[in-house]
Amino acid sequence: DTEVTQTPKHLVMGMTNKKSLKCEQHMGHRAMYWYKQKAKKPPELMFVYSYEKLSINESVPSRFSPECPNSSLLNLHLHALQPEDSALYLCASSQGQGFGEAFFGQGTRLTVV
Amino acid sequence: KNEVEQSPQNLTAQEGEFITINCSYSVGISALHWLQQHPGGGIVSLFMLSSGKKKHGRLIATINIQEKHSSLHITASHPRDSAVYICAGGQGGSEKLVFGKGTKLTVNP
C-alpha cells in the first residue's frame, strides 16, 4: 500500500465553523506533512510531524491546529477560517530519515464562505 | 538560500514528441524530486534522484550533481501526460522540500 488517503475530498465551511481534515498512511512512514496550495502556485509547507511530534511549524496562524494521534494518522483542525484560506490542502508522508521519497495525497479542496 | 528554478514555465507539444523539462538547484539541495499534478488533483511522486538516472515507462529523469541540474524527459508524449510537472529539492538532514514553480505541459492530439 503506497497510498496517502485524505478525507474529505471537498469541504465548504463557514467562517464560524469548526471542521477537521484527515490524512492516513500505512507505509510505516514516520514523517507526515501538511501543505497548502493556492491556484497555479507550488505547495507551501505548513507543518511537519516527525515520529508523532511537531517538528516544523511554518508560522501558520493558530486557526489551523495540527494533530498526530498516531504514526499513521494526521489531522488538521480548522476554526474561524477566512475566505483567503480557501485552497487545496495536501498531506504527504516520507520515511523521515533525511527526507526519503515523498508520497502525496489527493488533497482536500477547501472553500471558506 | 536554497532555491529551485524550473524551465520552461509553459510547454505545448504535439502527441508523440520528445519532451524535456529542466531544473536547476542551489547548494544545500541533496536530492531532487519530480512530481506530477493534474488539474485540480493531488500530487504524484514520479522520481527521487540523488545521482545518475532513473527510468519508469516513458519517463526518464537525470541529475548532474556537479552542475546542480536535473532534467525530466518524456518520450512519445501523449495527451494524458498533460499536467503540471514540479521539481522539488530535498535538503539533506531536513524534512522540508523546496519547490520550483512548476512547468505546465499541454500535449495536443
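Heads up: the structure comes first, above all this text.
Let me begin by describing the structure that accompanies this report. (Residues numbered from 1 in each chain as written. Chains lettered and ligands numbered in written order. Predicted model: local features only at pLDDT ≥ 70, side-chain atom pairs only at ≥ 80, totals over all residues. Heavy atoms only, no water.)

1. Regarding the pattern of salt bridges
In the structure shown here, the tally under the stated rule is four salt bridges over all chains. Its salt-bridge partner being A:Glu52, residue A:Arg30 comes within 3.0 Å of it at the nearest N-O pair. Placement of the pair is A:Arg30 in the loop between β3 (18–25) and β4 (31–37) and A:Glu52 in the loop between β5 (44–50) and β6 (53–57), with a sequence separation of 22 residues. Look at A:Arg30 and you get partly exposed, because its relative accessible area is 28%. Residues B:Arg58 and B:Asp81 are paired through a salt bridge, measuring 2.9 Å at the closest nitrogen-oxygen approach. Placement of the pair is B:Arg58 in the loop between β6 (52–56) and β7 (59–64) and B:Asp81 in the loop between β8 (69–74) and β9 (83–91), with a sequence separation of 23 residues. Connected through shared salt-bridge partners, A:Lys36, A:Arg63 and A:Asp85 make up one network. (Salt bridge = Lys/Arg side-chain N within 4 Å of Asp/Glu carboxyl O. Helix = DSSP H or I, 4+ residues; strand = E, 2+ residues; numbered from the N terminus. Buried < 20%, exposed > 50% of the residue type's maximum accessible area, 1.4 Å probe, protein only.)

2. Focus: the sheet that holds strand β3 (residues 19–25) of chain B
Residue and element names in this part refer to chain B. A sheet is described by the order of its strands in space; here five strands give the open sequence β1-β3-β8-β7-β6, paired in antiparallel fashion. Strand pairing shows two members of the sheet lacking a second neighbour, β1 (4–7) and β6, which therefore form its edges. Between one strand axis and the next, the sheet turns by 15° as a mean value, whatever way the strands run. Across five bridges, the pairing between β6 and β7 is antiparallel. (Pairing = 2+ DSSP bridges. Axes fitted to C-alpha atoms, helices over the stretch in contact; angles between N-to-C directions.)

3. Describing the interface of chain A and chain B
Taken together, the contact pairs 24 residues of chain A with 18 residues of chain B. Summed over the shared surface of chain A and chain B, the result is zero salt bridges. The interface formed by chain A and chain B holds four residue pairs in polar contact (both at pLDDT 80 or more) in total. Of all the secondary-structure elements, those providing two or more residues to the side of chain A that touches chain B are β4, β5, β6 and β9 (87–94) of chain A. Considering each element in turn, the side of chain A that touches chain B owes the most residues, four residues, to β4(A). Split by residue class, the side of chain A that touches chain B holds 13 nonpolar, eight polar and three charged. (Contact = heavy atoms within 4.5 Å. Polar contact = N/O pair within 3.5 Å; in protein donor to acceptor, adjacent residues only side chain to side chain. Nonpolar A, V, L, I, M, F, W, Y, C, P; charged D, E, K, R; others polar.)

4. Topic: the pairing of β9(A)
Residues and elements named next belong to chain A. Counting buried positions along β9 gives eight out of eight residues, so the element sits mostly inside the fold. By the bridge criterion, seven bridges tie β4 to β9 in an arrangement that is antiparallel. Paired with Lys36 across the strands is Tyr89, a residue of β9. Pairing geometry for β9 and strand β11 (residues 108–112), over three bridges, is antiparallel. Of the residues in β11, the one forming a bridge with Leu88 is Arg109. As paired elements, β9 and strand β10 (residues 103–104) share two bridges and run antiparallel to each other. Directly across from Ala92, in β10, lies its bridge partner Phe104.

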